[in-house]
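Chain and residue survey
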Amino acid sequence: MAPEQECGFIDAACEARQAVNGWFTHLVESASKPVFTMLGSTVLATPELNSPGMARARQLWEVSRTIANTCFVLLVTAAGVMLMAGQALPGESSARELLPRLVWAFLAANLSLVAIRYAITLANGLSQAFLADGASRIDPESVFKVINGTILAGIATHGVFFDLATGTIRSIASPSWDVEILDAAAGVRLWCVNEAGRSRLHADRGGSPLPLPDIPPGVISALSLSPDASLAVIMINSAARPAELAVLDLARQEFRYLTDTRPPALHVIDPIAPELITYPARDGRGVHALLYRPDGPGPHPVLLSIHGGPESQERPIYARSGLYQHLLHQGIAILAPNFAGSTGYGTAHQKLIYRDWGGIDLDDLDHGIKYLHTLDWADPNRLAVMGVSYGGFAALSCLARLRYPWAAGVSICGPSNLLTLAKASPPTWKAFVATVLGDPDTRAEHLLERSPVTHADGINAPLFVIQGAHDPRVPQAESDQIVTRLRERGVEVRYDIYPDEGHGFTNRANELTAYEAISAFLHTHLIATTADHSEPLRVG
């Protein structure tokens, strides 16, 4: 039986997701605003803009993402104007008038002046590629004068209005959380804020707040207002439902889905949404986390799920193509913390882990497990840990260095030796590795001391290791080292190497196979010993 037939929580194919992207392209284009949009790494374009210039834009986009190490949103309007990290107000048709006047911008607290200078240069260069009549150029120095010591002094991403003609800047949205997406039409401004991982929408007209319909708790990755601002189209992903297109009717105060990409299982069972919790950590800090509790009184075994990065964030989305929901339906609870080093909580929190992997982050994870001991429905004697990339390193560190009765562990392309990892990184990554992980030439002893392979004798729980044979970020040698050490001691290890994969999965069939194998592995070690669930549950 194929993996997608065995587990109805996992998308069987990508057609639904592709259809969603197609809908978004159509809806954005029909709004008569941008006809070419770059959202993250996704490119949406109309045929008439598939030109050599557009190909060059895509190439420059990839360069900008690498050099600036941040995410900009670049737009080309029907008039052919390229703007940086934002969108022009409607009603403007002249590129010569538009560019000098208004720019919506994200200015992240951790965005260096060098990165801003490069981004402005990129925006100017792309503008010239598309504008025949010429356009006023953004002067980087004038930008620096108004933002240096203002926006960059903050800890979160702000939404700002920058008047290029006067050189003045004023904040539109300055919450303590990151502003992620902005749009404007017909005098209405709509923006999305990442509050502890969940997206919350805000809107105003003329500075006065506007009411918005309730939306499901989740993550909004794209939004677009209609020209008259009566409707807003959003892309929303939630823990209980995969990414969908939805529309907000601002006049009627209604929310409705436009697409339905739910796999069969979600039409049969009630999916479980996480509770957003905060548990205490060292030095008076609080760690935000998502806590998924299965139905029933328990006690339930618990999976500690550790996100990658470490500069990433656990958010209430349809995680791991439905693996979370599948495990929950089997009775396995999930704790997914945003420990020190996670994004979404300001620059200071994000940089706590710099050159301290296996330090403050592991302490936060330890406190998370202690928190589980306070829950009467959780069974801390049936505890597993899972992570991908950095999360795999953290999972191995938990098994090796935190003295709990671990029942199982899963590492997907996780580093086991920080020193060999740092030495194997490409030359172009040297500065980044030295900053975030540590310089292998000057901090070798520290990196080895923090490496799971150094403490491998502390691992006794069954381990499942998944690795891509062509991984350029975490070479196969990283997984080989820990597997060899454990097998020499007789520890149970399952080691799956995917010969056609790199860092993570690009082949959908491989991804489904891996998640199904992880589910079976965790079921065996967390559930199978109980009388009620002697066999894995199948849905769909």
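Structure: above.
Summary of the structure given here. (Residues numbered from 1 in each chain as written. Predicted model: local features only at pLDDT ≥ 70, side-chain atom pairs only at ≥ 80, totals over all residues. Heavy atoms only, no water.)

1. Notes on the overall build of the chain
The helix and strand tally for the chain stands at 15 helices and 23 strands. Counting all 540 residues of the chain, 56% fall into the buried class. Restricting the contact set of the chain to residue pairs at least 6 apart, pairs at least 24 apart contribute 62%. For the chain, the exposed area adds up to about 22,000 Å²; of that, 52% sits on carbon and sulfur atoms. (Helix = DSSP H or I, 4+ residues; strand = E, 2+ residues; numbered from the N terminus. Buried < 20%, exposed > 50% of the residue type's maximum accessible area, 1.4 Å probe, protein only. Contact = heavy atoms within 4.5 Å. Areas by Shrake-Rupley, 256 points an atom, 1.4 Å probe, with all protein chains shown as cover.)

2. Overview of the packing of aromatic side chains
Applying the stated criterion across every chain, the model contains 12 aromatic pairs. When the ring of tyrosine 498 is compared with that of phenylalanine 505, the centres are 5.3 Å apart and the planes differ by 90°; the resulting orientation is edge-to-face. Among the aromatic residues, those joined into a ring-pair cluster are Phe339, Trp357, Tyr390 and Phe393. For arginine 241, the ring lying beneath its charged end belongs to tyrosine 257, and the centroid distance is 3.7 Å. (Phe/Tyr/Trp six-rings, centres within 6.5 Å; stacked < 30°, edge-to-face > 60°. Lys NZ or Arg CZ within 6 Å of the ring centre and 35° of its normal.)

3. Things to note about unusual backbone geometry
A cis amide bond, omega 5°, links glycine 298 with the succeeding residue proline 299. For the bond running from glycine 309 to proline 310, omega is 5°, close enough to zero to count as cis. For alanine 196, which is not glycine, the phi torsion reads 55° and is therefore positive. Residue position: alanine 196 is located in the loop between strand S9 (188–195) and strand S10 (198–205). Classification of alanine 196 by relative accessible area gives buried; the value is 11%. The phi angle at arginine 320 is positive, at roughly 50°, despite the residue not being glycine. With respect to the element layout, arginine 320 can be found in the loop between strand S18 (300–306) and helix H7 (323–329).

4. A closer look at the packing of helix H9 (residues 360–372) against helix H10 (residues 390–401)
It is at 10 Å that the axes of H9 and H10 come closest, and there the two elements cross at 65°. Between H9 and H10, the interaxial angle falls into the category roughly perpendicular. In the crossing of H9 with H10, the sense of the turn from one axis to the other is right-handed. Of the residues in H10, those touching H9 at Asp361, Leu362 and Leu365 are Tyr390, Phe393, Ala394, Ser397, Cys398 and Arg401. (Axes fitted to C-alpha atoms, helices over the stretch in contact; angles between N-to-C directions. Parallel < 35°, antiparallel > 145°, perpendicular 65-115°, else oblique. Left-handed = near helix turned anticlockwise from the far one by under 90°.)

5. Here we look at the sheet that holds strand S14 (residues 241–249)
Pairing in this open sheet of 4 strands is antiparallel, and the strands run S12-S13-S14-S15 from one edge to the other. A strand with exactly one partner marks an edge of an open sheet, and here the two such strands are strand S12 (219–225) and strand S15 (254–257). In this sheet, neighbouring strand axes are inclined to one another by 25° on average, regardless of whether the strands run parallel or antiparallel. By the bridge criterion, 6 bridges tie S12 to strand S13 (residues 231–238) in an arrangement that is antiparallel. Pairing of leucine 223 across the sheet is with isoleucine 234, part of S13. (Pairing = 2+ DSSP bridges.)

6. Remarks on the pairing of strand S23 (residues 493–498)
Bridging between strand S22 (residues 463–468) and S23 involves 6 bridges; their strand directions are parallel. The residue bridging leucine 463 from the neighbouring strand is valine 493, located in S23. What joins S22 to S23 is helix H14 (residues 476–488), and the crossover it makes is right-handed. (Right-handed = clockwise from strand over helix to strand, strands pointing away.)

7. Overview of the pairing of strand S21 (residues 406–412)
Taking burial as the measure, the 7 residues of S21 include 7 buried ones, the bulk of the element. Handedness of the crossover is the feature at issue here: the chain leaves strand S20 (residues 378–388), passes through H10, returns alongside S21, and the resulting connection is right-handed. Here 4 bridges tie S21 to S22, and the two strands are oriented parallel to one another. Each residue of the ladder has a partner; that of valine 410, found in S22, is phenylalanine 464.

That is the geometry; function is a separate question.
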